[in-house]
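Here's the letter readout for the chains.
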Amino acid sequence: MVVKLDSLMFYSMQVCHLESVVEIEQLVFSNPWTKRDFEFALKRDNAYCRVVFVGELLVGYVIGFFIKKEFHLADFSIHPNQQRQGLGRRTLEVLVGDLSTLAHVISLEVRMSNVAAIELYKQFAFQTMAIRKDYYTQPQEDALVMLKPLQGKLSDWVTEALAGLS
Ligand SMILES: CC(C)(COP(=O)(O)OP(=O)(O)OC[C@H]1O[C@@H](n2cnc3c(N)ncnc32)[C@H](O)[C@@H]1OP(=O)(O)O)[C@@H](O)C(=O)NCCC(=O)NCCS
């Protein structure tokens, strides 16, 4: 299926979406979230949970959590049959737009071998800030910790975050 990017629709994730979401999750991750993990996310009042549709077909989703002015991108996938058509980039564009007044920085972890995701995040000017040794299991692998400032420079956010600790 060839997808026209302007036909994508973004909705709040609901329990009724979870069957399709879990199906994609199991296709793309070696250590997938369970249905319970998604249900837990949906119940959290600091969560951002969106699904991406082409017509009636759920093709992707994005989940993250607000921690004060930080937004932690926790889960993000496009169905394998619809990858490499710009849907991931469009989904991140929508996310960044939604967050522009709500958060100062986006943080995430990504497997070091996940070239597709890392290349996409670099297109959005995410910067690699650290490596978390053996962060992932099944298989065991290090994570890159990547950050993207939404306002100002990353150093401004670090200064502001440190000030908030005192
Ligand atoms: C990462 C992911 C969301 C990208 O979605 P996508 O719709 O295929 O990405 P897009 O088509 O929008 O591609 C945007 C850019 O990402 C990069 N990219 C995407 N797939 C890539 C691949 N297989 N290899 C290298 N770079 C890739 C490219 O830079 C691409 O830009 P280009 O098309 O101009 O070369 C998708 O591969 C996916 O769902 N992966 C499994 C789940 C996952 O890893 N999620 C992230 C966890 S941190």
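Up top is the structure these notes are about.
Residues numbered from 1 in each chain as written. Predicted model: local features only at pLDDT ≥ 70, side-chain atom pairs only at ≥ 80, totals over all residues. Heavy atoms only, no water.

Engineer: Quick rundown of the overall build of the protein chain? Include the residues and the values.
Structural biologist: Across its full length, the protein chain carries 5 helices and 7 strands. For the protein chain, the N- to C-terminal ordering of α and β elements is β-α-α-β-β-β-α-β-α-β-β-α. For 166 residues, the compact-globule estimate of 2.2 N^0.38 gives 15 Å, and the C-alpha radius of gyration of the protein chain, at 16 Å, lies within 12% of that figure. When burial is assessed residue by residue, the protein chain has 43% of its 166 residues classed as buried. (Helix = DSSP H or I, 4+ residues; strand = E, 2+ residues; numbered from the N terminus. Rg over C-alpha atoms; globule rule 2.2 N^0.38 Å. Buried < 20%, exposed > 50% of the residue type's maximum accessible area, 1.4 Å probe, protein only.)

Engineer: Kindly report on the site of the ligand, identifying the contributing residues and their values.
Structural biologist: By nearness alone, 21 residues border the ligand, and Phe76, Arg84, Gly86, Gly88 and Asn114 come closest of all. One nitrogen or oxygen atom from the main chain of arginine 84 is found 2.8 Å from an oxygen atom belonging to the ligand. Here glutamine 123 contributes a side-chain N or O atom positioned 2.9 Å from an oxygen atom of the ligand. Computed on the free molecule, the ligand has an accessible area of 920 Å², of which 78% lies beneath the protein chains in the complex. Counting only elements with at least two residues in the shell around the ligand, the list comes to β4 (70-78), α3 (87-99), β5 (105-111) and α4 (115-123). Top contributing element to the shell around the ligand by residue count: α4, with 6 residues. Of the residues in the shell around the ligand, the class split is 10 nonpolar, 7 polar and 4 charged. (Near = heavy atom within 4 Å. Polar contact = N/O pair within 3.5 Å; in protein donor to acceptor, adjacent residues only side chain to side chain. Areas by Shrake-Rupley, 256 points an atom, 1.4 Å probe, with all protein chains shown as cover. Nonpolar A, V, L, I, M, F, W, Y, C, P; charged D, E, K, R; others polar.)

Engineer: Can you explain the nonpolar core? Please cite residues and give values.
Structural biologist: Counting residues in hydrophobic clusters, the biggest one holds 22 residues, and the most contacted among them are Phe71, Leu73, Leu92, Leu95, Ile106, Val110 and Tyr121. Residue assignment for this core shows that the elements contributing at least two residues are β4, α3, β5, α4 and β7 (141-149). When residues no more than four places from it in sequence are discounted, the contact partners of leucine 73 are Val62, Ile63, Gly64, Leu92, Leu95, Ile106, Ser107, Leu108 and Tyr121. If you look at the next biggest cluster of nonpolar residues, it comprises 14 residues, including Met13, Phe38, Cys49 and Phe65. (Core = buried A, V, L, I, M, F, W, Y, C linked by side-chain atoms within 4.5 Å. Contact = heavy atoms within 4.5 Å.)

Engineer: So, the sheet that holds β7: which residues are in play, and what are the values?
Structural biologist: Spatially, 7 strands are ordered β1-β2-β3-β4-β5-β7-β6 in an open sheet, and the strand pairing comes out mixed. In this open sheet, the two strands that pair with only one neighbour each are β1 (8-12) and β6 (127-136). Ignoring which end each strand starts from, the neighbouring axes of this sheet average 25° apart. Looking at chain direction, β4 and β5 are connected through 4 bridges and run parallel. Opposite leucine 73, over in β5, you have leucine 108 as the bridge partner. Sheet contacts for α3: β1, β2 (47-54), β3 (57-67), β4, β5 and β7; angle to β4, the most-contacted strand, approximately 155°. Relative to β7, helix α5 (residues 154-165) is tilted by about 95°, and along the sheet it contacts β4, β5, β6 and β7. (Pairing = 2+ DSSP bridges. Axes fitted to C-alpha atoms, helices over the stretch in contact; angles between N-to-C directions.)

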